[in-house]
Each structure stands twice: as structure tokens, then as C-alpha cells.
Amino acid sequence: MSVRRARMERLGCVLAILAGSAGAVRAQSLEEASAAALESSFVLRAERARQDGAEERLRGAIDAFMPTVAFTADRPLKSRITYAPEAAPPVVGLDATPRRAPSVVGITANLPLFDGFRRWNGYQTARTLAESGRLLLIGRRQQVLLDTAIAYLAVLRDTRILAAREAQRVAIQRIAAFTDKQFELNDATRTDVALARSRVQEAEALRLRAQADLTASRLDFTRLTRMAPERMLPPRLPDGLPRSADAYAELVRKANPDIAAFQLEAEAAGYQAKAAVADLLPKVNLQFSKIAQLGYSPALDRITDTTTRVVASVPIYEPGSLPRIGEASALARQRGYEAQDKELATLTAARIAFARRQATAEQYAQLTARIRELRETMRGFGIERAAGFRTVLDELNIRGELANAEVAAEIVLNERDGQALQLAAAAALLDAAPGGSPARRFESVAPPPPPALRRSLAAAPVEAVPVLRGSGAGPAAVGARALPAPVLRVSRAEAGSR
């Protein structure tokens, strides 16, 4: 069997599978799938709802600095006042008894002047948690994009694997048919015929397994994007990754949203510990009240009391205050240790993922070379088979080995591309901008300068990077241009996607 014929058969199988699964003529890109996933993701909607709650909590912490104002009304339904001894009381001035149960209406305002810095620390806690929530929202967005891209690659992988299994089945059926003809001419044995038919059944079973895997990957893609996969184009992978593990780890340390979010949560726990100390500090309030009593007595129909006062209180003993302070301090230490552990674990995972991707790339190069050698081997196999130097078993084995090598290469290729996407997601480099050139959809796009937020504008060192498959730029072009500094996208980046 010639190499050109094998290639044409495989290309025909790929086109047949893609045409059968397309359902539409137009091609489908990863950018469209990512935008659809961001729009329909319930996980991202839940994260946005959580962030809305954090923003409301921040507004509530700001409102705590405003005075509390209340209107009071007291209307007695039944009242009976008695005197002992029962005698007609004298009239003194304008005050003549018997007394009445008056109705009371009024308005009061209370402005805390000093509360042991409880409100200030509460505001700092809410502000820090809101900023941490924005970073967590970025991390969740990156995860949605990563899941969509991996599902997209899985559909492409399983489509190519199914094409390889289909080509294997067709080739083995041709070998089995040729063996049947040889048996009729007494040039093959019954053992050769049975072996060829068993290999046909094996190829059919492998094709059915590949078809089931493709169906599962298509369903998973539909679950993420709410649309069926059509004729899908090869994706453009991120090409802004450093070439060394140390440079990549430093990029992750500065740009990973989860690390920054954990550090902000530890800082918020410290503010909560400071707010708990307010139970032991004095409190000063400014109070204003205007209260009118209606129907006070037969002589006085209304008494109006307008008072402005400063009220100070010094706590002497409050049960449970010291344990609450100790609990808040312990929680702050816990959050600090967890933030350090998160940073260490994330950086270690980044180094491991970087090393694995390099190894996977080398493995794919070796598998590609093996496939090339196998196809070169099959060049003269037909001649040797016709001359009687090769048996049916040899031909079946070489055809099955080639198919298995092609499947293994597709699996490793998918793993390599998925690892590249994981590296980009860990550094917050995945994005699916709603507009702009499709060539820049997966580059780090910086939004307008936001307000100064801690760890929000961390830049990484600029260095040359290798070109990944499908990047669309050569090494000279990449080395000539400067890489954009990775910027953590906060809530402003999310405003456009709501």
C-alpha cells in the first residue's frame, strides 16, 4: 500500500467525519466557542452573583459612617393612673393632675464619633474582600476559558482519532479481501483468512470506541458552550509564555489571580482581628433627639423636648470579648499561613506543568518521527508482500502499528496543547475579547488603567518566547516585538461581558 493512498484515505475519512458532524457550512472557531461559554456559564454567573454580594457589603461598610436616623411613635391603647391617698391634688402652676398617658412622637439621630475603629476596620475588611472577589472572578473566568478550550481540542482530537481508526478498518478490510482471493488461489491458508477477519473485527471495535469517545467529547463541548460543534478550525494557541521555568514561575507569582486573592483574604482577616479589639475601647456618640408628648395633662397638651448630647461609654467588662479577640487573631494567622501555602503550591505546580509541557513536546516530536519512519517502511512493503517476502501477519501488524502510532501522536498532541493552555491560564493570559482582531483574542489585553489596587499592575520581565503550533508568527517576528506586560483584569473587564 503506498503512502499517498494511505494519506488520501485518511484525508477522506476526516472530511467525511467533519462533514457529517458539521450541520452547517461555516467554520467554527475557538474564540466563538469561548465567547459562548462565557455567556452561558452558570458557574461564572454564580461567581458574579457572589461578587455582587461582596460589592454590596462594601457599600454597606461605607454607609456605616453615616448617622442612624429613626422616627418613633408611641400611642397608648389603654392606660389607668391611680393615686394614693385618693385626694384632689393641688394645682401648682400649670401642672394640674390627674396625669394622662400621653402619645409620644419624635425623631432621633445618632452619629458615632469614636467606636474603637470598628467601622474603619470593617470598611477595610469589606474593601479587601471585594478586591479579592474581583480577582477570584478573573480566576473563574480563566477556568471557564480553559475548560472550553480543552473541550474544543478534545473534539478535534477524537475526530482525528476516529479518522485514523476508520482508515485502519478500511485498510484491514482490503487486506482481508485480498487474503480471501489468495485463499481461493491456494496462495494463503485458512489461518491467514481467520487472522485477517479477526483483525477486521478488532479494527471495527476500535472504531466504535473512537466514535463513542467523539460523541462524549461533543456532548461535553455542548454542555460548556450550549451549542453543537460544527466544522472546527485549529485553534491559535497562546504564544506569550517564557522559555525558562524560573521566568514562568515569576510570571505566575505576579499575575496569578488566586495567589493575590488569598493574600487579600489574609489581609482582610487581619482587619477583622483589629475590629474585634473595639470591644475593649471606649465609644463616643453624638445624639440628637426631638420628642413631643401629646395630651400630657389637662393643663399641658404638648411637651416638646429638643436635645443634643454627647454620650461616652467606657467598657469595663463584657463577657466573651477576650475570647473573640483571640479567635479573630488566630483566624488571621490561619489565613496568612494558607496564603503562603497557596503561593508555594501554585508556583510548584507551575514549574511542574512547565517541565511536563517540555517533555510532552519532545515526546510528540519523537512520535511524529516514528510515524514518518513507519510510513517510509510501508513504501516498499507492497512490493515485498507481492514477492512473498512478507506474510499476512506482517502486513496486518504494520498497518495496526501505524494506526496505533497515529492515535498515540494525536493523544500526545492534545495533551501538549492542553498543557500550553493550562500554563497560559495560570498566568491569567487567556481571554476572549468580544471585539477586535481574532488574532489577538488570546493575547493579554490590558484594560484602561484602573484605580491603584495592590498587586493589580504587576509586570513580568520581557523576553523572547518560542512559537507554538498555530501561532501564526515566526521566530523572527516574535523576537522583534515586545511582549505586553500581563495585567490582572478586575471588575472592569467583567463589565463588558455582563
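Further up the page is the structure itself.
These numbers were taken from a predicted model, which means no experiment stands behind them.

About the thresholds
- Residues numbered from 1 in each chain as written.
- Predicted model: local features only at pLDDT ≥ 70, side-chain atom pairs only at ≥ 80, totals over all residues.
- Heavy atoms only, no water.
- Helix = DSSP H or I, 4+ residues; strand = E, 2+ residues; numbered from the N terminus.
- Buried < 20%, exposed > 50% of the residue type's maximum accessible area, 1.4 Å probe, protein only.
- Contact = heavy atoms within 4.5 Å.
- Areas by Shrake-Rupley, 256 points an atom, 1.4 Å probe, with all protein chains shown as cover.
- Pairing = 2+ DSSP bridges.
- Axes fitted to C-alpha atoms, helices over the stretch in contact; angles between N-to-C directions.
- Salt bridge = Lys/Arg side-chain N within 4 Å of Asp/Glu carboxyl O.
- Core = buried A, V, L, I, M, F, W, Y, C linked by side-chain atoms within 4.5 Å.

Draft legend 1. Structural detail: the overall build of the protein chain. The helix and strand inventory of the protein chain stands at twelve helices and six strands. Taken across its 498 residues, the protein chain has 40% of its residues classed as buried. By sequence separation, contacts in the protein chain at least 24 residues apart represent 85% of the contacts at least 6 residues apart. Counting only carbon and sulfur atoms, one obtains 59% of the accessible surface of the protein chain, whose full area is about 26900 Å².

Draft legend 2. Examining the sheet that holds strand 2 (residues 68-74) more closely. The strand order across the open sheet built from four strands is 2-3-5-6, with neighbouring strands paired in antiparallel fashion. A single partner strand is all that each edge strand has here, and the edge strands are strand 2 and strand 6 (302-313). Taken over all neighbouring pairs, the strand axes of this sheet differ in orientation by 15 degrees on average, direction set aside. Summarising the sheet, strand 3 (residues 103-114) and strand 5 (residues 283-294) pair through eleven bridges and their orientation is antiparallel. Looking at the pairing, V104 lines up with Q293 of strand 5.

Draft legend 3. Highlighting the environment of F117. If you trace the backbone, F117 turns up in the loop between strand 3 and helix 4 (118-184). A C-alpha to C-alpha distance of 6.5 Å links F117 and A278, two positions 161 residues apart in sequence.

Draft legend 4. Inspection of the pattern of salt bridges at higher detail. Under the defined criterion, the tally for this structure stands at 25 salt bridges. One salt bridge in this structure joins R160 and E410, with 2.5 Å as the shortest N-O distance. Note that R160 is positioned in helix 4 and E410 in helix 10 (residues 392-426), a separation of 250 residues in sequence. On the basis of relative accessible area, R160 is assigned to the partly exposed category, the value being 26%. The exposure class assigned to E410 is buried, which follows from its relative accessible area of 11%. Measuring nitrogen to oxygen at the nearest pair gives 3.9 Å for the salt bridge that ties R199 to E202. Here R199 pairs with E202, and both are found in helix 5 (residues 190-225), just three residues apart, close to one helical turn. Judged by relative accessible area, which is 19%, R199 ranks as buried. The class for E202 is partly exposed, based on a relative accessible area of 43%. It is possible to trace a salt-bridge network through shared partners that takes in R118, D279, E318 and R324.

Draft legend 5. Spatial organisation of the nonpolar core. Core analysis: the largest hydrophobic core is formed by 41 residues, its most contacted members being Y152, F221, Y248, L421 and L430. Put simply, the parts of the chain that give this core at least two residues each are helix 2 (30-40), helix 4, helix 5, helix 6 (245-255), helix 8 (321-377) and helix 10. Per-element tally for this core: the top contributor is helix 4, with 13 residues. With sequence-adjacent residues up to four places away left out, L421 is seen in contact with L146, A149, I150, L153, L237, P238 and L430. Residues L367, I371, I398 and A409 belong to the second largest nonpolar core, which totals ten residues.

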